[in-house]
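Chain and residue survey
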Amino acid sequence: ISSQGGNITLDGRAGTAVGANPTQEGVIIKGNITTIGNGEISISGTGGQGAEGNFGIEAFDNALISTENGFLYMGGVSGPGDSVGLRLGNFGGGPAVVTSIAGTIFLLGDGSAGTLTGIETFGAGVMIGGPSTTGAINLVADRISLGSNVRSSGELSVTVLDETSSIGLGDGNGTFHLSNTEIAYLQDGFSSITLGNLPNFGTGLVEIGAITLLDQTMIQGGSLLVGGINAVGNTIRNLTTSSTSAT
């Protein structure tokens, strides 16, 4: 699917049959969805009610979703069982890439109905953004599993969908958790990074273990439990909470 500057909108909703039926996915992407100029892309997917595999959106096999200057949105909601809201992967047939040059990339994954996660990335070559990306990247999920690079020279925010959820960074504990391995996939070069809650800082506890932050970073939550932070080459901009409580 391609457009010479026009907008592209896709909305897929899986069936409602329940029980041990086959996989029910809202949107499966295996090819290119691209637009140029100021054209925007909006893809929404809602998984079904099967026993498992009820992915909201799944992209693989050299899937490319890209804009030049336009807004790029992908929002997936999973069904029950072993399911993911939004999954970008490489099963061996080529990586999924979601990119824009100057447009904002906004990815939302709600896996709260399932047992896995909201946003998942994995596999060689899978990328959100890229070396030429200058726009903001926003990742919003109830839970997250990063196994591939996220890259831009613009702003990055990685935030929890439910503002009451606990957040764990590094070896800190939390329902929404970014391990040190996952944080390493946030490539150096962002103008700033925001981790935790947006826009009202939320009420959940943020537990910060020993982590390395390569870019100017704000960590936001209802309260902070700070173990250790190693800022390499930059200073930490802020540790901000809605309750102004930090330990």
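The residue count restarts for each chain, going from 1 along the sequence in the order it is written. Totals for whole chains, interfaces and linings use every residue, but because this is a predicted model, local features are given only for residues with pLDDT of at least 70 and side-chain atom pairs only at 80 or more, for both listing and counting. Hydrogens are left out, water is left out, and the side-chain values use all remaining heavy atoms of the structure.

**Focus: the pairing of strand β13 (residues 105-110)**
Each residue gets one of three labels from its accessible area relative to the maximum for its type: buried under 20%, exposed over 50%, partly exposed in between, using a 1.4 Å probe on protein chains only. Helix and strand definitions here come from DSSP, where helices need a minimum of 4 consecutive H or I residues and strands a minimum of 2 consecutive E residues; each element is numbered from the N-terminal end. With 5 of 6 residues buried, β13 is to be regarded as a mostly interior element. Paired strands, in this sense, are two strands between which DSSP finds at least two bridges. Pairing geometry for strand β10 (residues 72-77) and β13, over 6 bridges, is parallel. Residue pairing for β13: Val77 is matched across the bridge by Asp110. Judged from the 5 bridges that link them, β13 and strand β16 (residues 137-141) form a sheet pairing that is parallel. Considered in β16, the bridge of Phe106 is made with Asn138.

**Details of the sheet that holds strand β5 (residues 32-35)**
Strand order across the open sheet formed by 6 strands is β1-β5-β9-β12-β15-β18, with parallel pairing between neighbours. Pairing within the sheet leaves two strands with one partner each, and these edge strands are β1 (2-3) and β18 (149-151). Note: β1 against β5, 2 bridges, orientation parallel. Within β5, the residue paired with Ser3 across the bridge is Thr35.

**Notes on the packing of aromatic side chains**
Each pair of aromatic rings taken from Phe, Tyr and Trp, with Trp reduced to its six-membered ring, is defined by centres within 6.5 Å and is described as stacked if the planes are under 30 degrees apart, edge-to-face if over 60, and tilted in the remaining cases. In total, this model carries 4 aromatic pairs according to the counting rule given. Measuring from ring centre to ring centre gives 6.0 Å for Tyr73 and Phe106, while their planes differ by 35 degrees; the resulting arrangement is tilted. Of this pair, Tyr73 sits in strand β10 while Phe106 sits in strand β13, and the two are 33 residues apart along the sequence. The interplanar angle of 75 degrees and the centroid separation of 5.2 Å between the aromatic rings of Phe91 and Phe122 together place this pair among those described as edge-to-face. One end of the pair, Phe91, is in the loop between β11 (84-88) and β12 (97-100); the other, Phe122, is in the loop between β14 (117-121) and β15 (127-129), with 31 residues separating them in the sequence. Ring pairs connect the aromatic residues Phe60, Phe91 and Phe122, which therefore count as one cluster.

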